[in-house]
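Results of the structural survey
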Amino acid sequence: MAEKKTTTKETAAKKTTAAKKTTCKKTACATKAAVATTVDYNAENVGFKAGDVYQALATAEKALTIKEIAKAAKISEEETLLGMGWLFKEGKITTAEGKVALV
């Protein structure tokens, strides 16, 4: 006759605890990714971001991508785009081949 496998309460408890830890870790990671920061934008804040973008381009002395500008200016890509909009309106930047440069 084949023997029937039995699970002790202790073994079952360990399996359940391990499953909970894995689930909690996945939930925590998903929660962190879903959290977004809210920033109140006004003309003054966007003007400061434009200054950050301008300084990053002036320091680099060459055309940069949006990601490169954001990294150099230590601001988000969204803030970079806001600053670029300001600078476009003033005619201070231009784009070519996916890169941004000072005029």
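Residues numbered from 1 in each chain as written. Predicted model: local features only at pLDDT ≥ 70, side-chain atom pairs only at ≥ 80, totals over all residues. Heavy atoms only, no water.

Take helix H4 (residues 77–90) next. If you check H4, its first and last C-alpha atoms are 20 Å apart, about what 14 residues at 1.5 Å a residue would give, namely 20 Å. Regarding H4, the residues found buried are Glu 79, Thr 80, Gly 83, Met 84 and Leu 87. Taken around the axis of H4, the buried residues stretch over an arc of 140 degrees, which confines them to a single face. Facing away from the buried side of H4 by over 90 degrees, the exposed positions are Glu 78 and Lys 89. Of the surrounding secondary structure, the elements contacted by the buried residues of H4 are helix H2 (43–60), helix H3 (66–73), strand S1 (93–96) and strand S2 (99–102). After H4 finishes, the residue Gly 91 shows a positive phi value of roughly 75 degrees. (Helix = DSSP H or I, 4+ residues; strand = E, 2+ residues; numbered from the N terminus. Expected span 1.5 Å × (residues − 1). Buried < 20%, exposed > 50% of the residue type's maximum accessible area, 1.4 Å probe, protein only. Arc of directions from axis to C-beta. Contact = heavy atoms within 4.5 Å.)

Our focus in this paragraph is the nonpolar core. Counting twelve residues, the largest nonpolar core consists of Ala 50, Val 53, Ala 56, Leu 57, Leu 64, Ile 69, Ala 73, Ile 75, Met 84, Leu 87, Ile 93 and Val 100. For this core, the element with the highest residue contribution is H2, accounting for four residues. Here Leu 87 is in contact with Ala 50, Val 53, Tyr 54, Lys 92 and Ile 93, once residues within four sequence places are set aside. (Core = buried A, V, L, I, M, F, W, Y, C linked by side-chain atoms within 4.5 Å.)

Further remarks concern the packing of H3 against H4. Axis separation between H3 and H4 bottoms out at 9 Å; the angle between their running directions is 100 degrees. Judged by the inter-axis angle, H3 sits roughly perpendicular to H4. Of H4, the residues touching H3 (which contributes Ile 66, Lys 67, Ile 69 and Ala 70) are Glu 77, Thr 80, Leu 81 and Met 84. When grouped by side-chain class, the residues that make up the contact of H3 with H4 number five nonpolar, one polar and two charged. (Axes fitted to C-alpha atoms, helices over the stretch in contact; angles between N-to-C directions. Parallel < 35°, antiparallel > 145°, perpendicular 65-115°, else oblique. Nonpolar A, V, L, I, M, F, W, Y, C, P; charged D, E, K, R; others polar.)

A word on the pattern of salt bridges. By the definition in use, this model includes two salt bridges. With its nearest N and O atoms 3.8 Å apart, the salt bridge here joins Lys 49 to Glu 79. With Lys 49 in helix H2 and Glu 79 in helix H4, the pair connects residues that are 30 residues apart, well separated along the chain. Glu 79 carries the same exposure label as Lys 49, and that label is buried. One salt bridge connects Glu 90 with Lys 92, and the closest N-O pair in it is separated by 3.9 Å. On the accessibility criterion, Glu 90 (44% relative accessible area) is partly exposed. Judged by relative accessible area, which is 38%, Lys 92 ranks as partly exposed. (Salt bridge = Lys/Arg side-chain N within 4 Å of Asp/Glu carboxyl O.)

What follows covers the confidence of the model for the protein chain. Put simply, the protein chain has an average pLDDT of 80, and 63% of its residues get 70 or more. Highest mean pLDDT in the protein chain belongs to H3 (98); lowest belongs to helix H1 (residues 9–34) (52). (pLDDT = per-residue confidence, 0-100.)

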